[in-house]
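Structure at a glance
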Amino acid sequence: TKITQYIEQAKGKTLFSIEIIPPVKGENIQSLMSNIEPLMEFKPPFIEVTYHREEFLEKIVNGKIERIPIRKRPGTVGICASLMNRFKVDAVPHVICGGFTKEETEDFLFDLHYLGIDNVLVLRGDPVKGNAAFTPEKGGHAYASELLEQVVKMNQGVLLHEETQSAPTNFCIGVAGYPEKHFEAPNFSTDFAYLKKKVELGADYIVTQMFFDNQKYFDFVAKCRAAGITVPIIPGLKPLATKKQLTVLPRIFHLDLPEDLVKAVESCKTDKEVKQVGVEWCIAQCKELMAFEAPILHFYTMSKSESTKKIAEAIF
Ligand code: FAD
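Residues numbered from 1 in each chain as written. Predicted model: local features only at pLDDT ≥ 70, side-chain atom pairs only at ≥ 80, totals over all residues. Heavy atoms only, no water.

The subject of this paragraph is a negative patch on the surface. A contiguous patch of negative charge on the surface is contributed by Glu 103, Glu 104, Asp 107 and Asp 111. Inspection of the secondary structure assignment puts Glu 104 in helix α4 (residues 102–115). (Patch = residues over 30% accessible without salt bridge, like charges linked within 9 Å, V, L, I, M, F, W, Y side chains within 5 Å. Areas by Shrake-Rupley, 256 points an atom, 1.4 Å probe, with all protein chains shown as cover. Salt bridge = Lys/Arg side-chain N within 4 Å of Asp/Glu carboxyl O. Lys, Arg positive; Asp, Glu negative; His and termini not counted. Charge placed at Lys NZ, Arg CZ, Asp CG, Glu CD. Helix = DSSP H or I, 4+ residues; strand = E, 2+ residues; numbered from the N terminus.)

To continue, consider the packing of aromatic side chains. Enumeration over the complete set of coordinates arrives at 14 aromatic pairs. An angle of 80 degrees between the planes, with centres 6.5 Å apart, marks the rings of Phe 192 and Phe 220 as edge-to-face. Taken together, the residues span a long stretch of sequence, with Phe 192 in helix α6 (residues 188–200) and Phe 220 in helix α7 (residues 214–226) at a distance of 28 residues. Comparing Phe 192 with Phe 220, the two get one shared label, buried. Here the aromatic rings of Phe 218 and Phe 292 are separated by 4.5 Å at their centres, their planes lie at 40 degrees, and the arrangement is tilted. On the criterion of sequence distance, the pair formed by Phe 218 in helix α7 and Phe 292 in the loop between α10 (271–291) and β10 (296–300) is long-range, its members being 74 residues apart. Of the residues examined, Phe 218 reaches a relative accessible area of 15% and is grouped as buried. In textbook terms, an aromatic cluster arises when at least three aromatic residues are bridged by ring pairs, as seen for Phe 16, Phe 42, Phe 299 and Phe 316. Between the NZ or CZ atom of Arg 67 and the centre of the ring of Phe 56, over which it lies, the distance is 4.3 Å. The aromatic ring of Phe 188 is capped on one face by Lys 223, whose charged end is 4.5 Å from the ring centroid. (Phe/Tyr/Trp six-rings, centres within 6.5 Å; stacked < 30°, edge-to-face > 60°. Buried < 20%, exposed > 50% of the residue type's maximum accessible area, 1.4 Å probe, protein only. Lys NZ or Arg CZ within 6 Å of the ring centre and 35° of its normal.)

At their nearest, the axes of helix α3 (residues 76–87) and α4 sit 11 Å apart, and the two run at 10 degrees to each other. In terms of orientation, α3 and α4 fall into the roughly parallel class. Of the residues in α4, those touching α3 at Val 77, Ala 81 and Met 84 are Phe 108, Leu 112 and Leu 115. When the residues that make up the contact of α3 with α4 are grouped by side-chain class, the tally is six nonpolar, no polar and no charged. (Axes fitted to C-alpha atoms, helices over the stretch in contact; angles between N-to-C directions. Parallel < 35°, antiparallel > 145°, perpendicular 65-115°, else oblique. Contact = heavy atoms within 4.5 Å. Nonpolar A, V, L, I, M, F, W, Y, C, P; charged D, E, K, R; others polar.)

Ranked by internal contacts, the top residues of the largest apolar core, which has 94 residues, are Ile 3, Ile 20, Leu 83, Leu 240 and Phe 299. Per-element tally for this core: the top contributor is α10, with seven residues. When neighbours within four sequence positions are excluded, Ile 20 is seen to be in contact with Leu 32, Ile 36, Ile 47, Glu 48, Val 49, Thr 50, Ile 79, Leu 83, Thr 301 and Ser 303. (Core = buried A, V, L, I, M, F, W, Y, C linked by side-chain atoms within 4.5 Å.)

Shown next, in the form of structure tokens:
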């Protein structure tokens, strides 16, 4: 089922969904499943699964430095299949530009199609670890909008090379949106224009970067609607859990944390107290977002359920 259909069927009732991250190589799929199982009682119609490109290991081989591509968290597709099988939910893999040629992307999308996956979140992907900027793969895409165009074409039955052909796929396509601007964009308006382009090219829904101040989301939605962007805008949420995140989250995700939240966290003596503050803050955010009729509350869980469960219990 398409995410847009779930939203239509809900008729204004706010739904619950989660994003999980594949475990590092060697970890057990069972522990991933049992970590997220406590959240299934809140009936997420879908679970998003992140995709992680390779990192490069530098080794001296025969006197020369070789860069060996190593993936720490493979398994996105396998985990999607397991989730669908085990929980009967829709799994939504993230599909990225980085590390893929267009042909590899085409094959990857066919794998997803054959698995019965109906939705994909298309992204550019983060730069390779240690690199300041994103470098596109030779023969790959430089921006999410280009990848999106490829998926749209496949949905029309048009493949990369005329010599090959296929029946159309039917993916519902999500893209990322940044209420507080993408970190590389020179200003909000430039970034926003590229978001609008993604929607004009065929994106069916937007998932936002996490935010801790709902006003950022409300303003973002207002700007989208004023610009003629009518697709659902799904707010991304993360309950703050450690004091360290006060500096880590702004650095990694380029967002502002509200002063009141920072003060409350700073006055905590233990991580348990911080978690409680994070949960309460997120519950307040969720209640306001539900009153605003946000289509879905989408939680970045990092494959852990404790805080998200407390929040879901309080609001659903
Ligand atoms: P784009 O939309 O391509 O934008 C990237 C930058 O380029 C922006 O600054 C934009 O303004 C600019 N831009 C866009 N088009 C053009 C153009 N034509 N010309 C010039 N500039 C342009 N990363 C992962 O690696 N794996 C994941 O699973 C993952 N999941 C994510 C899920 C969500 C909900 C979000 C919000 C992010 C996720 N990310 C993930 C991170 C994401 O890949 C990075 O934020 C990345 O830096 C940008 O991706 P994008 O799809 O927004 O890129």
